[in-house]
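# A structural walkthrough
Each chain, written out:
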Amino acid sequence: MTATFPKKFEGTVVSNSMDKTVVVEVRMLKQHPKYKKFMKLSKRYKAHDDGNIYKVGQRVSIVEVRPISKDKKWKVQELLSDVKEIAEEIGEVNEEIASL
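First, a word on what this report is: a plain description of the structure on this page. (Residues numbered from 1 in each chain as written. Predicted model: local features only at pLDDT ≥ 70, side-chain atom pairs only at ≥ 80, totals over all residues. Heavy atoms only, no water.)

### Here we look at the pattern of salt bridges
So the rule is basically this: In the sections that follow, a salt bridge refers to a side-chain nitrogen of Lys or Arg positioned within 4 Å of a carboxyl oxygen of Asp or Glu. In this text, helices come from DSSP runs of H or I with a minimum length of four residues, and strands from runs of E with a minimum of two, each type numbered from the N-terminal end. Relative accessible area decides the class of each residue, using a 1.4 Å probe on protein chains only: under 20% of the type maximum gives buried, over 50% gives exposed, and in between gives partly exposed.
Tallied over the full model, the rule gives four salt bridges. A salt bridge links Glu25 to Arg44; the nearest nitrogen and oxygen atoms lie 3.9 Å apart. Taken together, the positions of Glu25 in strand 2 (residues 21-31) and Arg44 in strand 3 (residues 38-48) put the pair 19 residues apart, joining distant regions of the chain. Among the residues examined, Glu25 registers a relative accessible area of 15% and is labelled buried. Close ionic contact of Lys46 with Asp71 constitutes a salt bridge, the shortest N to O distance being 3.3 Å. Here Lys46 is found in strand 3, whereas its partner Asp71 is found in the loop between strand 4 (59-64) and strand 5 (74-81), with 25 residues between them in sequence. Its relative accessible area of 30% is what places Lys46 among the partly exposed residues. On the basis of relative accessibility, which here comes to 43%, the residue Asp71 falls in the partly exposed class.

So this is what it looks like as structure tokens:
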């Protein structure tokens, strides 16, 4: 059995109140083994944020690293999108729809 390391996930920052730590919520779909129905699952990971630069609502990529503390085994790798960027895109789409 071979495992792929380091593991990588994409999620949303839901808390940044701790020093050099953010809580990232990762949402995924998983199929039930017997009933074959897809279930929405979410899990929260504490990730290292050296510099306290990530804010609540930002979409980030996290990667598995060596244990930093009791609960922190993840590090924020990169910023994928910002809340302002998403809001601007939604605003542009709404303007295009209104002009039609």
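### Brief notes about a nonpolar patch on the surface
Convention followed: A patch consists of residues whose relative accessible area exceeds 30% and which take part in no salt bridge; residues with like charges are grouped when within 9 Å of each other, and nonpolar side chains (Val, Leu, Ile, Met, Phe, Trp, Tyr) when within 5 Å. Note that accessible areas follow from Shrake-Rupley with a 1.4 Å probe, and for residues the cover is restricted to the protein chains shown.
On the surface, Met28, Met39 and Leu41 cluster together into a nonpolar patch covering about 210 Å² of accessible area. For Met28, a relative accessible area of 34% gives the class partly exposed.

### Here we look at the environment of Pro6
So the rule is basically this: Residues count as neighbours in contact if any of their non-hydrogen atoms are within 4.5 Å of one another.
Topologically, Pro6 is positioned in the segment before strand 1 (8-15). Look at Pro6 and you get partly exposed, because its relative accessible area is 41%. The contact partners of Pro6, leaving out residues within four places of it in the chain, are Val63 and Glu64.

### Here's the deal with the nonpolar core
Keep this limit in mind: Throughout, nonpolar core names a set of buried Ala, Val, Leu, Ile, Met, Phe, Trp, Tyr and Cys residues whose side chains join them through atoms within 4.5 Å.
Counting eleven residues, the largest nonpolar core is built from Val13, Val22, Val24, Val26, Tyr45, Ala47, Tyr54, Val60, Ile62, Trp74 and Val76. Looking at this core element by element, the count peaks at three residues for strand 2. The contacts of Val22, once residues within four sequence positions are left out, are Val13, Ser15, Asn16, Tyr45, Lys46, Ala47, Asp49, Tyr54 and Val76.

### A closer look at the side chain of Ser15
Spelled out, the test is: Polar contact criterion, stated in full: a pair of N or O atoms within 3.5 Å, where within protein one must be able to donate a hydrogen and the other to accept it, and residues adjacent in sequence count only if both atoms are side-chain atoms.
With respect to the helices and strands, the residue Ser15 is situated in strand 1. A distance of 3.5 Å separates polar atoms of two side chains, one belonging to Ser15 and the other to Ser17. Residues within four places of Ser15 in sequence aside, it is in contact with Thr21, Val22, Val23 and Val56.

### Here we look at the sheet that holds strand 3
The criterion, for reference: Strands are treated as partners if at least two bridges between them are detected by DSSP. Whenever a helix is involved, its axis is fitted only over the stretch in contact; in every case the axis is a line through C-alpha atoms, and angles between N-to-C directions fall within 0 to 180 degrees.
Read around the closed barrel, the five strands follow the order 1-2-3-5-4; overall the barrel is mixed. With strand direction ignored, the average angle separating the axes of adjacent strands in the sheet is 45 degrees. Here strand 3 pairs with strand 5 via two bridges, running parallel. If you follow Ala47 over to strand 5, its bridge partner there is Trp74.

### Here we look at the environment of Lys7
Within the secondary structure, Lys7 is located in the segment before strand 1. Using a relative accessible area of 41% as the deciding quantity, one classes Lys7 as partly exposed. Lys7 sits 57 residues away from Glu64 along the chain, and the two C-alpha atoms are 5.3 Å apart. With residues up to four places along the chain from it excluded, the contact list for Lys7 reads Ile62, Val63, Glu64 and Trp74.

The quantities given are spatial measurements derived from coordinates; they are silent on function.
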